[in-house]
Amino acid sequence: MGVIDRTWTWLTTGSHWSGTDGVWHRLGEHLFLTVVCLAISCALALPVAVLLGHVGRGGALAVNVSNAGRAVPTFAVLVLLLLSPLGTHGSWPTVIALVLFAIPPLLTNAYVGMREVDRDVVEAARGMGMTGRQLIGRVELPLAFPLIATGVRTAAVQVVATTTLAALPGGGGLGRIITAGFRLTDTAQVVSGALLVAVLALLVEGVLVVLERLLDPVRRRARRTAGRAAGGDGPVAPADAVPAVGSAV
Amino acid sequence: MAGQNCLVTNEWICGEYLRTRGHELTDATLQHIGITLASVAIGVLVAFPLALLARRWRAAAGPVLGLTTVLYTVPSLAMFSLLVPVFGLSVSVVVTGLVLYSLTVLVRNILAGLASVPEEAREAARGMGYGPLRLLFGVELPLALPALMAGLRIATVSTVSLTTVGAIIGYGGLGNLIYEGMHSYFKAQVLTASVLCVALAIVADLVLLFVQRLLTPWARAGKQAKRRGRGAGGRPVTEGAL
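What counts and how
Throughout this description, residue numbers start from 1 for each chain and increase along the sequence as written. Working convention: letters from A go to chains and numbers from 1 go to ligands, in the order in which they are written. Residues qualify for local features only when their pLDDT is at least 70, as the model is predicted, and side-chain atom pairs are given and counted only at 80 or more; totals for whole chains, interfaces and linings, by contrast, use all residues. Secondary structure elements follow DSSP: runs of H or I of four or more residues count as helices, runs of E of two or more count as strands, with numbering from the N terminus. Our exposure labels follow a C-beta count within 10 Å of each residue's own C-beta, placed from the backbone: buried means 20 or more other C-beta atoms, exposed means 12 or fewer, and partly exposed covers the counts in between. Contacts here follow a simple rule: the backbone-placed C-beta atoms of the two residues must lie within 7 Å. To define a nonpolar core, we join buried Ala, Val, Leu, Ile, Met, Phe, Trp, Tyr and Cys residues through C-beta atoms within 7 Å and take the resulting set. Interaxial angles span 0 to 180 degrees and are taken between N-to-C directions of axes, which are lines fitted to C-alpha atoms, for helices over the stretch in contact. Any angle between 65 and 115 degrees counts as roughly perpendicular, while under 35 counts as roughly parallel, over 145 as roughly antiparallel, and the rest as oblique. For any helix crossing, the convention is left-handed if the near helix is rotated counterclockwise from the far helix by under a right angle, and right-handed if that rotation is clockwise. In the scheme used here, Gly and all other residues not listed as nonpolar or charged are polar, with Ala, Val, Leu, Ile, Met, Phe, Trp, Tyr, Cys and Pro taken as nonpolar and Asp, Glu, Lys and Arg as charged. pLDDT is a residue-level measure of predictor confidence that goes from 0 to 100.

Our focus in this paragraph is the overall build of chain B. Helix and strand counts for chain B come out as 11 helices and zero strands. Walking chain B from its N terminus toward its C terminus, one meets helices and strands in the order α-α-α-α-α-α-α-α-α-α-α. Looking at chain B as a whole, 42% of its 242 residues qualify as buried. Counted over contacts in chain B with a minimum sequence separation of 6, partners at least 24 positions apart contribute 72%.

So, in structure tokens, the structure goes:
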């Protein structure tokens, strides 16, 4: 009971929220790093995965990258980068680690999504005279959207988690509240920081789930033509067929 | 010649470090293995009844899967921190956290494995007079083994890697050495511990793969028959995206 009360007190103390070490500033750092690194990883991984999936090569790469991402400890990579010559360059070690660990879920899910597009549909589109570019843009990407989006969501949660860990080697973000709490042996602060991080991760996951539903091109079309088709499970893409989960951090 | 020097000059690779701190590495590796084994074993023991529960009552499936997914979303540093008030600074914090993470993968894969059992096999067993328990352990579980083992491998590899984060409370196995090395900028220690940790994950994966082969001799026979039919467009992610 004592811890819960003290955590509540910590969280409701205004001074803990302001200043450079305050929650708002740390939250800002956390979100900034998350958004920037997620954008970089998407820009790097998604085009590669979509192209590989389109031509149907590199399946082994997609699997191996995701297995390697799971086997290599994030914490070890963060510390190795810190001790490397890059370590003296501000938040570069953190950014590199974040991007590295966001790539596997993006790559694997997008690749699988592209490959799982019904081959008959692809053949039909080709038969209609679609070029490769049209095929990707109008057929494969819309049908692969649910898995691509799952990859982005997994990567986003991963980045939030990795950013938290980056506090151990001195990076910014909400993890700093936890590490500072441990240093001060202030359990209330540790728990408060952990709660904030957990809520942030769940919020990111939740917001992206909602976005996915709203943006899914197949669902959108289904909604537009809702009326009669409402009863059948017709064109709704199998979003949950492959429960792709990245690695926890 | 380079013996003592590489410790002084703080090089990444240092034979002298291995020689003088060998016992530290062994102790850390043993702690790492212990934490991983305990977490995965408890994870399986908890996941199995949960999966059976979710299969038996449809109403339970949603909450069970939802809860394990939510737990999976919580970052490891936060998870361990939240468990500190419950267990104090003890190894239980790390093991409990790792068990909670492993549940997501294990429950899903056990469910997927059980769902993949052909209805005909169940019917045949029932026709032969198998009761529910014998049906489960004698027919369904062996047939679900490939999916179950795939999940176990993913959970084990992730657990090996996540154990390092336990260093924040002093129970991180090889992570402790990485954590120490981070503060003292001891490159050889950080690199050696990191490499050992990855090696541990790979060895664990291979051991489980070997166990899986031993347990499912029929799968190999089937694979040989199917080898010719395996085209390029198959599903490449048997173990990647679980």
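Read on, since the account is not over.
Our focus in this paragraph is the nonpolar core. Note on soluble globular proteins: their nonpolar side chains tend to be buried together. In this structure, Val79(A), Ala102(A), Leu106(A), Ala110(A), Phe80(B) and Ile178(B) are the most contacted members of the largest nonpolar core, which totals 126 residues. With 14 residues, helix 7 (residues 132–165) of chain A is the single largest residue contributor to this core. Discounting chain neighbours no more than four positions away, the residues touching Ile178(B) are Phe75(A), Ala76(A), Val79(A), Thr164(B), Ala167(B), Val190(B), Ala193(B) and Ser194(B).

Below, the discussion takes up the packing of helix 4 (residues 74–83) of chain A against helix 9 (residues 174–184) of chain B. The contact between helix 4 of chain A and helix 9 of chain B brings their axes to 10 Å, and the two run at 25°. Between helix 4 of chain A and helix 9 of chain B, the angle falls in the class roughly parallel. Every pair of crossing elements has a handedness; the one defined by helix 4 of chain A and helix 9 of chain B is left-handed. The residues of helix 9 of chain B that touch helix 4 of chain A, namely those facing Phe75(A), Ala76(A), Val79(A) and Leu82(A), are Gly175(B), Ile178(B), Gly181(B) and Met182(B). Tallied by class, residues from the contact of helix 4 of chain A with helix 9 of chain B come to six nonpolar, two polar and no charged.

A word on the environment of Ala155(A). Residues and elements named next belong to chain A. Secondary-structure assignment places Ala 155 in helix 7. Residue Ala 155 is classed as buried on the basis of its 28 C-beta neighbours within 10 Å. In this structure, the C-alpha to C-alpha distance between Ala 155 and Leu 98, residues 57 residues apart in sequence, is 9.5 Å.

Predicted confidence across chain A gives a mean pLDDT of 85, with 90% of residues reaching 70 or more. Taken together, the stretch residues 229–245 of chain A has pLDDT below 50 and engages in 29 contacts with residues farther than four places along the chain or on a different chain.

This paragraph deals with the interface of chain B and chain A. The partner chain A presents 50 residues to the 45 residues of chain B that form the contact. If you list the elements that add at least two residues to the side of chain B that touches chain A, you get helix 4 (58–73), helix 5 (76–87), helix 6 (91–115), helix 8 (132–163), helix 9 and helix 10 (187–215) of chain B. In terms of residue count, helix 10 of chain B provides more of the side of chain B that touches chain A than any other element does, eight residues in total. Of the residues contributing to the side of chain B that touches chain A, the split by class is 30 nonpolar, 12 polar and three charged.

Here we take up the packing of helix 4 of chain B against helix 6 of chain B. All names here are of chain B. Where helix 4 meets helix 6, the closest approach of the two axes is 8 Å, and the angle between their N-to-C directions is 135°. Here helix 4 lies oblique to helix 6, going by the angle between them. Crossing geometry of helix 4 relative to helix 6 is assigned as left-handed. The segment helix 4 lies against helix 6, with Val 64, Leu 65, Thr 68, Thr 69, Leu 71 and Tyr 72 engaging Leu 100, Tyr 101, Leu 103, Thr 104 and Val 107.

Turning our attention to the confidence of the model for chain B. Note: predicted coordinates in regions of low pLDDT should not be interpreted at a detailed level. All names here are of chain B. On average, chain B scores 87 in pLDDT, and the residues at 70 or more come to 90%. Within the model, pLDDT remains below 50 along residues 229–242, and this stretch shows 35 contacts once partners closer than five positions in the same chain are excluded. This prediction of the complex comes with two scores: 0.84 for pTM and 0.83 for ipTM.

A separate point is the environment of Glu180(B). Topologically, Glu180(B) is positioned in helix 9. In this structure Glu180(B) comes out as partly exposed when scored by C-beta crowding, with 16 C-beta atoms within 10 Å.

Attention now goes to unusual backbone geometry. Most peptide bonds are trans, and most residues other than glycine sit at a negative phi. Look at Thr185(A): it is not a glycine, yet its phi comes out positive at around 45°. When you line up the elements, Thr185(A) lands in the loop between helix 8 (175–183) and helix 9 (187–215). If you check the backbone angles, Tyr185(B) has positive phi at about 50° while not being a glycine. Along the chain, Tyr185(B) turns up in the loop between helix 9 and helix 10.

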